There are 2 protein chains.
Amino acid sequence: MIERNETAAVGEGLPWAELLERLPFNEAGLLPAIAQQHDTGEVLMLAWVSREALEETVATGRACYYSRSRGKLWRKGESSGQVQRLVELRLDCDGDTVLLRVDQQGPACHTGRRSCFYNALRGERVVVAEAPEIDPQALYGR
Amino acid sequence: MIERNETAAVGEGLPWAELLERLPFNEAGLLPAIAQQHDTGEVLMLAWVSREALEETVATGRACYYSRSRGKLWRKGESSGQVQRLVELRLDCDGDTVLLRVDQQGPACHTGRRSCFYNALRGERVVVAEAPEIDPQALYGR
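What you see is a predicted model; the values in this text were computed from it and never measured.

Draft legend 1. Representation of the UniProt feature "domain: Phosphoribosyl-AMP cyclohydrolase" (unreviewed entry) in chain A in the model. The UniProt record annotates "domain: Phosphoribosyl-AMP cyclohydrolase" (unreviewed entry) at residues 45–118 of chain A. For residues 45–118 of chain A, the end-to-end C-alpha separation is 10 Å, with 14% helix and 38% strand making up the annotated structure.

Draft legend 2. Examining the environment of A:Gly81 more closely. Residues and elements named next belong to chain A. Residue position: Gly81 is located in the loop between strand E5 (72–75) and strand E6 (84–91). On the basis of relative accessible area, Gly81 is assigned to the partly exposed category, the value being 46%. Separated by 14 residues in the primary sequence, Gly81 and Gly95 have C-alpha atoms spaced 30 Å apart.

Draft legend 3. Structural context of the sheet that holds strand E1 (residues 13–15) of chain B. In spatial order, the strands read E1(B)-E9(A)-E8(A)-E6(B)-E7(B)-E2(B)-E3(B); together these seven strands make up an open sheet with mixed pairing. Each edge of the open sheet is held by one strand with a lone partner, namely E1 and strand E3 (43–49) of chain B. On average, each strand axis in the sheet is inclined to that of its neighbour by 30 degrees, with strand direction left out of account. Sheet analysis places strand E2 (residues 31–37) of chain B next to E3(B), joined by six bridges and oriented antiparallel. Considered in E3(B), the bridge of B:Leu31 is made with B:Val49. Sheet strands in contact with helix H2 (residues 51–60) of chain B are strand E8 (119–122) of chain A together with E3, strand E6 (84–91) and strand E7 (98–104) of chain B, and its direction is about 120 degrees off that of E6(B).

Draft legend 4. Focus on the UniProt feature "binding site: Zn(2+)" (unreviewed entry) in chain A. When the UniProt feature table is mapped onto this chain numbering, "binding site: Zn(2+)" (unreviewed entry) sits at A:Cys93, A:Cys109 and A:Cys116. Over a stretch of 24 residues, the named residues are scattered through the fold, their C-alpha atoms separated by up to 27.8 Å. One can find A:Cys93 in the loop between E6 and strand E7 (98–104). With sequence-adjacent residues up to four places away left out, A:Cys93 is seen in contact with A:Ile2, A:Glu3, B:Cys109, B:His110, B:Thr111, B:Cys116, B:Tyr118 and B:Asn119. Here A:Cys116 lies in the loop between E7 and E8. Excluding its chain neighbours within four sequence positions, the residues that come into contact with A:Cys116 are A:Leu44, A:Met45, A:Cys109, B:Leu91, B:Asp92 and B:Cys93.

Draft legend 5. The environment of B:Leu121, seen in detail. Mapped onto the elements, B:Leu121 comes out in strand E8 (residues 119–122). When sequence neighbours within four positions are dropped, the list of residues in contact with B:Leu121 reads A:Trp16, A:Val58, A:Leu89 and B:Val126.

Draft legend 6. Expanded view of the relation of the copies chain A and chain B. When chain A is fitted to chain B, the best match, at an RMSD of 0.0 Å, comes from turning it 180 degrees and sliding it 0.0 Å along the axis. What the rotation and shift describe, once combined, is the action of a two-fold rotation axis. By C-alpha distance to the rotation axis, the residue of chain A lying nearest is A:Gly41, at 2.3 Å. Comparing contact sets, 100% of the residues at the interface of chain A also lie at the interface in chain B, consistent with an isologous, same-surface contact.

Draft legend 7. Region of interest: the pattern of salt bridges. All chains considered together, the criterion is met by 20 salt bridges over all chains. A:Glu55 serves as the salt-bridge partner of A:Arg51, at 3.6 Å between the closest nitrogen and oxygen. Taken as a pair, A:Arg51 and A:Glu55 lie in helix H2 (residues 51–60) at a separation of four residues, close to a single helical turn. Owing to a relative accessible area of 35%, A:Glu55 belongs among the partly exposed residues under this scheme. As a salt-bridge pair, B:Glu130 and A:Arg90 come within 3.1 Å of each other at their nearest N and O atoms.

Draft legend 8. Layout of the sheet that holds strand E9 (residues 125–128) of chain B. A sheet is described by the order of its strands in space; here seven strands give the open sequence E1(A)-E9(B)-E8(B)-E6(A)-E7(A)-E2(A)-E3(A), paired in mixed fashion. Edge positions in the sheet fall to strand E1 (13–15) and strand E3 (43–49) of chain A, since each has one partner strand and no second. Taken over all neighbouring pairs, the strand axes of this sheet differ in orientation by 30 degrees on average, direction set aside. Of the strand pairs in this sheet, E6(A) and E8(B) are connected by two bridges, and their pairing is antiparallel. Residue pairing in the sheet places A:Leu91 in a bridge with B:Asn119 of E8(B).

Draft legend 9. Broad picture of H2(B). All names here are of chain B. Buried within H2 we find Ala53, Leu54, Glu56 and Thr57. Projected onto a plane normal to the axis of H2, the buried residues spread over an arc of 165 degrees and lie on a single side. Pointing more than 90 degrees away from the buried face of H2 are the exposed residues Glu52 and Ala59. The inward-facing, buried residues of H2 contact helix H1 (16–22), E3, strand E4 (64–67), strand E5 (72–75), E6 and E7. In the stretch just after H2, Gly61 is the one whose phi turns positive, near 75 degrees.

Cut-off values and rules
- Residues numbered from 1 in each chain as written.
- Chains lettered and ligands numbered in written order.
- Predicted model: local features only at pLDDT ≥ 70, side-chain atom pairs only at ≥ 80, totals over all residues.
- Heavy atoms only, no water.
- UniProt positions renumbered as here; feature names shortened; annotations may be inferred.
- Helix = DSSP H or I, 4+ residues; strand = E, 2+ residues; numbered from the N terminus.
- Buried < 20%, exposed > 50% of the residue type's maximum accessible area, 1.4 Å probe, protein only.
- Pairing = 2+ DSSP bridges.
- Axes fitted to C-alpha atoms, helices over the stretch in contact; angles between N-to-C directions.
- Contact = heavy atoms within 4.5 Å.
- Least-squares fit on C-alpha atoms with pLDDT ≥ 70 in both.
- Salt bridge = Lys/Arg side-chain N within 4 Å of Asp/Glu carboxyl O.
- Arc of directions from axis to C-beta.

Set out below in structure tokens:
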């Protein structure tokens, strides 16, 4: 359905409620969601959203994902305190990926790093490119 | 295996060849790959990579994906001419998502737009936020 936007003019579009009914969730009922810091452009993480997670994200203005490992909604920051305030929600051309432009408080990564993408290929090795900002033990109170 | 990097110092890391053997490809043998314009931070698209696609991307320095619809390697730009030169390859903390920091020639999206994420939620509607840079008919010579 979102393909109808391909030839629409800027500012025109489709009703969100209808679109939500027809998003191409995968066999597990999920779509990948990229979280990007809205002002710096930094890619913070990739997680997954169910329809329910998407609805909660829009309703509350805070990123809510679906944790595949825990099998339930994951309100980002509920244990670490590092919430993501939603600035803008975007969908790609075929509607099968979500981009959450957010304002991330502190680190997005469970390791205490700002972004989860801290492993960089350099020559023959994949090396750590960024240090933690916060000790993860402090993040999770362990 | 990549979790060993969590507590490694900046600049330390793991051999790429060994890591590649142990990346957690999904049941279809794929990982999601985010393409980001390296200098502006713009998120251009999300696609999927197989092990072979990853190896080709690193070997050639040009983004190569796996097309789920066509069931084969997709050398980005092979039909549109809009190639993505690889600037840096990154992996996230659990190694199940790839971030390709690229230099994208022209539009990334098959609609002729710079980014595939041109659909933005505004109130009750999902509207087109950006116009095509190039007529897609010109891109694909139709």
